[in-house]
Amino acid sequence: MPTQTLDDQIRQAEEHILAGDHGDALTLLHEVLSEDPTHTEALNDAAVKCLEAILQQDPTHSNAFFNLLDTLALTDDLELVIDAYLRYEEQIPDTEEKVEYAERITSEAQQNVDEQAAAQKVGATLATWENNAAHSNLINASEPQGTPAVQDLEKLVQEWDNGAWAATPTYLALLSQLFAQTTGAVVECGSGVSTLVLHKLNQHGERRVISLEHHHGWYERLQTTLPQDTTVELYHAPLRSYDGFDWYDMDSIDLPSDIGLIICDGPPGTTRGGRVGALHVLCKGLRPGTIIVLDDANRSRELAALLDWDEAFNVHVELFTEGKGIALAQIAEQ
Ligand SMILES: C[S@@+](CC[C@H](N)C(=O)[O-])C[C@H]1O[C@@H](n2cnc3c(N)ncnc32)[C@H](O)[C@@H]1O
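Quick caveat: nothing in here was measured; it's all calculated off a predicted structure.

Chemist: Which parts of the structure should I look at to understand the nonpolar core?
Modeler: As a rule of thumb, nonpolar side chains are buried together in soluble globular proteins. V186, I262 and I292 are the most contacted members of the largest nonpolar core, which totals 54 residues. Top element by residues in this core is helix α9 (residues 169-181). It accounts for six residues. One finds L28, L29, I82 and I105 within the second-largest nonpolar core, a separate group that totals 28 residues.

Put into structure tokens, the structure is as follows:
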């Protein structure tokens, strides 16, 4: 089909969008994209706008959500798909199709990363960086010694190359500060670049640091990237069903009795009960003063988890709603 005809179809589709005939617009745009998947105008200026307009009117519109993802997938630009997935995933009910999409994205994202190249770069950065508070921009003058420099965190996140799934440098700086301010064991839920930072923070092995990863592919990626002498105990802990929620299977893991810090950046948003399981499953290791960091705290499941923890445990909660939201909770004195 000559380009002119494709462009005509796009103009027509845009008219349909303006008239609110989203179904007709989509049919046309899909035709254009099947003919020429790289047709960025069709993709950016029309189809995506059309689907996003539908989703803005009705954020629970599953068809628009999956159509948007399918349309973006035609470009083979995984970042775009992941971005859209993360933007709308919360409102879309957890149907089988959504869970399948989440799994597909996870596997494709992993295939897209040159893991060996990333591991080499990360390894070199980890080997040369010195923990030193003096040059941090994010942490104030009274920052504890031993926190990494923001530039190093930024470099590490870039080299880890995991887009929106990776912790941000700001979040990693916060973790580093909390690591320095707490004592006792650390339990991380959801591994990634944060695990590499924990490795560095605990390089002399003063504390038990446990990292739980449910996804075998990501577990393997971490295992090959972490230096062999790491003191981080990395576990492949598949999700299993508990009473009312799903969470990591801890049956074969020796749970510490003195947890000072829990880092909740997993399991993924589609998990039944979200991250609520953290305190229920780890409760034997909690003590007054234990700090819990909850990422993605603006999501309804995570907010529900905070309410649940507030009711079931004696916790003080602080919520920072900027961006995806971070909550800090602390087990109160009896
Ligand atoms: C938010 S991520 C955890 C991020 C981790 N704490 C970090 O600092 O990089 C939560 C879970 O998503 C999964 N995951 C990681 N990368 C992913 C990707 N690119 N696509 C889909 N799922 C991913 C892993 O199972 C991970 O435990």
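Chemist: How do you make sense of the site of the ligand when you look at a structure like this?
Modeler: Around the ligand sit 19 residues in total, of which A109, A167, G190, G192 and S194 are the nearest. Elements represented by at least two residues in the shell around the ligand include exactly α6 (96-112) and α10 (193-201). For the shell around the ligand, the per-class residue count stands at eight nonpolar, nine polar and two charged. Residues lining the shell around the ligand come from more than one domain, with at least three contributed by each of domain 1 (3-111) and domain 2 (114-331).

Chemist: I keep staring at the sheet that holds strand β9 (residues 326-331) and nothing clicks. Help me out?
Modeler: Backbone-to-backbone hydrogen bonds join strands into a sheet, with any given pair of strands oriented parallel or antiparallel. The strand order β3-β2-β1-β6-β7-β9-β8 describes an open sheet built from seven strands, whose pairing is mixed. The open sheet has two edge strands, β3 (232-236) and β8 (315-320), and neither has a second partner. Strand-to-strand twist across the sheet, computed as the mean angle between neighbouring axes with direction ignored, equals 15°. Bridge analysis of strand β2 (residues 209-213) against β3 gives five bridges, and the strand direction is parallel. Bridge pairing links I210 to E233 in β3. Along the sheet face, α9 touches β1 (185-189), β6 (259-264), β7 (291-295) and β9 and points at about 175° away from the line of β7.

Chemist: Can you help me understand the environment of Q57 in this one?
Modeler: Tracing the sequence through the fold places Q57 in helix α3 (residues 40-57). Distance from Q57 to T168, taken between C-alpha atoms, is 31 Å for residues 111 residues apart in sequence.

Chemist: What should I look at first to understand the domain arrangement of the protein chain in this one?
Modeler: Interface size is commonly expressed as the accessible area that is lost once the parts come together. Segmentation of the protein chain into domains returns domain 1 (3-111) and domain 2 (114-331). A straight line from the C-alpha centre of domain 1 to that of domain 2 covers 33 Å. Tallying the contact residues gives 13 residues for domain 1 and 11 residues for domain 2. Tallying contributions element by element places α6 first for the side of domain 1 that touches domain 2, with six residues. Along the lines of polarity and charge, the residues of the side of domain 1 that touches domain 2 split into four nonpolar, three polar and six charged.

Basis of the calculations
Residues numbered from 1 in each chain as written. Predicted model: local features only at pLDDT ≥ 70, side-chain atom pairs only at ≥ 80, totals over all residues. Core = buried A, V, L, I, M, F, W, Y, C linked by C-beta atoms within 7 Å. Buried ≥ 20, exposed ≤ 12 C-beta atoms within 10 Å, placed from the backbone. Helix = DSSP H or I, 4+ residues; strand = E, 2+ residues; numbered from the N terminus. Near = placed C-beta within 6 Å. Nonpolar A, V, L, I, M, F, W, Y, C, P; charged D, E, K, R; others polar. Domains from an automatic or database assignment. Pairing = 2+ DSSP bridges. Axes fitted to C-alpha atoms, helices over the stretch in contact; angles between N-to-C directions. Contact = placed C-beta atoms within 7 Å.

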